[in-house]
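Chain by chain, the residues run as shown.
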Amino acid sequence: MRASFVSTEVVNGLRRNVSMTIAMILTTAISLTLLGSGLVVVRKVDQAQDSLRQAADVVVYLNDQVSAEDSACQQQTCSGLRAELERASGVRSVKYLSRQQVYERAIEKFDNRPELREIARPEALPAAMWVELSDTVDPAAIQRQFGDSPGVANIDNQSDFVRSLVGKLNDVRDGTFLIAALQAFAALLLISNTIQLSAFNRRTETGIMRLVGASRWYTQLPFLLEAMVSGIIGSLVAVGLLVVIKEAFLDGLMKPLSGTGLLTPVSYADIAFVSPILVLVAAVVSGLTGYLTLRLYVRI
Amino acid sequence: MIRLEHVSKTYKTLARPALDDVSVSVDKGEFVFLIGPSGSGKSTFLQLLLREEVPTRGRVIVADWNVAKLPRRRVPKLRQRVGCVFQDFRLLNNKTVFENVAFALEVIGKPRHTIRKVVPEVLQLVGLDGKADRMPAELSGGEQQRVAIARAFVNRPLVLMCDEPTGNLDPDTSQDIMLLLERINRTGTTLIMATHDHSIVDSMRRRVVELSEGRVIRDDARGVYGVGR
């Protein structure tokens, strides 16, 4: 097989159909950008779930009196509650944080929110017990059991929040994948259409190739490569678009969340992780579409 | 070289068969005119030899290949041994004369040094030396047909099939093309030519197979176009 012949045919084919080629590349790029975004969301959700599993499942906030008077948690109300929590079934660990420690954590979280740091005062915040549960325990049971105990102001069930956050992120992912699928369908039709057009434009060449005994493979390869080259260029544009989206929108949008420890910002590592997947998907899907189109619609 | 044994070809859209129980045998190196009115089955006859069509009944043998039974992947091998020339030349207008002829070798994967050696030889054979860099649009009809013949012959086929090769040419040019085809035939290449051109058939006095409504109605070893002319 003559590589120079095939590559010349591919370049000529793409050039001759330049408007369709651009349409094909852009549609593929948009579809893959959406797919890439979906994959990044999946990765972020996985990371969030991991980091959330390490955080407290339940936070027991102590009332004002205990918070103010017993910063070392040595008096009966506080130490008794702590001992009881430690004994309760399903509790893996209990960590006491004094008002000052809660304040310090808050300041740390508000690292990039100076206005909140300004108004935060240790006296405004309650001391707390951070309770880590084993996976099988329902956090609501702890809420019921200790909700009315002396010294308890309220119990915050973090896992509800986490669940709803993960749920929302999963909705975003599903929505992105749905649009990506629709867009991918449009991209497939365009690829198929472009190949048919390309084959029609070159019917004299392919007719001659058939008559002089070129193999089917030799005749079809330039068309197949044309589809794959466009697909791969589309995937590279998609990677570029992901970078632009990260720089222009996501970094700003996710900054307020960065202190919470729930969602880490989208990093170049995330984009680097999804990029090869996008290129591979583009090459395989466009190649397959090209092959099927040639088999079904084009007599070569 | 070529044998059709009781070959019939029917199309669903046609009431009568395009070929009806046709048996013809052509030896190696023969020159055969295939004549008959439009719709008599000449084109179907040629398409069967190239495996563009398969017979509904009967056997088609070309150079020891049973064409109808040939697996798909072997069809290109058959076509490399059967060259074809058409009335409308079918040249690539964006390629030079040299590139048009070279194309036939490139697409079957012949190495570049072979192409550089063989193409000028065949251009000389067809009388186009010195015109290798011309574009088809710069050539006369006769010269364009010479390019098409060079392309069909460059891979040294066993059989050269010509479907009305002089149909678009004036009588003098047609005569030149026939001299060229005769020269190719003298190299041992079997030649089958479908034509409507009375004067050519009459002047060459070669074998004539006449088809009418899909049947062979005449097979003369040294015939003329119309009986009794």
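Residues numbered from 1 in each chain as written. Chains lettered and ligands numbered in written order. Predicted model: local features only at pLDDT ≥ 70, side-chain atom pairs only at ≥ 80, totals over all residues. Heavy atoms only, no water.

Counting its secondary structure elements, chain B contains seven helices and 10 strands. Its C-alpha atoms give chain B a radius of gyration of 18 Å, near enough to 17 Å, the size a compact globule of 229 residues would have. In terms of its C-alpha atoms, chain B occupies a principal-axis envelope of roughly 50 × 45 × 35 Å. Relative to its full complement of 229 residues, chain B shows a buried share of 53%. (Helix = DSSP H or I, 4+ residues; strand = E, 2+ residues; numbered from the N terminus. Rg over C-alpha atoms; globule rule 2.2 N^0.38 Å. Buried < 20%, exposed > 50% of the residue type's maximum accessible area, 1.4 Å probe, protein only.)

Here the focus is the interface of chain B and chain A. Between chain B and chain A, the contact holds 24 residues from the first and 18 residues from the second. A combined buried area of about 1,800 Å² lies between chain B and chain A, and 57% of that area is made up of carbon and sulfur atoms. Of all residues in chain B, B:Arg79, B:Phe103 and B:Val107 bury the most surface against chain A, accounting for 28% of the area lost on that side. Viewed at the interface, chain A and chain B are joined by one salt bridge. A:Arg210 serves as the salt-bridge partner of B:Glu52, at 2.7 Å between the closest nitrogen and oxygen. Summed over the shared surface of chain B and chain A, the number is three residue pairs in polar contact (both at pLDDT 80 or more). Among the secondary structure elements, those contributing two or more residues to the side of chain B that touches chain A are helix H2 (75–81), strand E6 (82–86), helix H3 (97–106) and helix H4 (112–125) of chain B. Along the lines of polarity and charge, the residues of the side of chain B that touches chain A split into 12 nonpolar, three polar and nine charged. (Contact = heavy atoms within 4.5 Å. Buried area = accessible area lost by both parts, 1.4 Å probe. Salt bridge = Lys/Arg side-chain N within 4 Å of Asp/Glu carboxyl O. Polar contact = N/O pair within 3.5 Å; in protein donor to acceptor, adjacent residues only side chain to side chain. Nonpolar A, V, L, I, M, F, W, Y, C, P; charged D, E, K, R; others polar.)

Per the domain assignment, the segments of chain A are domain 1 (3–52 + 163–297) and domain 2 (56–158). For domain 1 of chain A versus domain 2 of chain A, the separation of C-alpha centres amounts to 49 Å. (Domains from an automatic or database assignment.)

Below, the discussion takes up the pattern of salt bridges. All names here are of chain A. Applying the stated criterion across every chain yields a total of 21 salt bridges over all chains. Across the salt bridge formed by Asp 270 and Arg 43, the nearest N and O atoms sit 2.7 Å from each other. Linking Asp 270 in helix H11 (residues 268–297) with Arg 43 in helix H2 (residues 18–54), this pair joins segments that are 227 residues apart in sequence. Owing to a relative accessible area of 22%, Arg 43 belongs among the partly exposed residues under this scheme.

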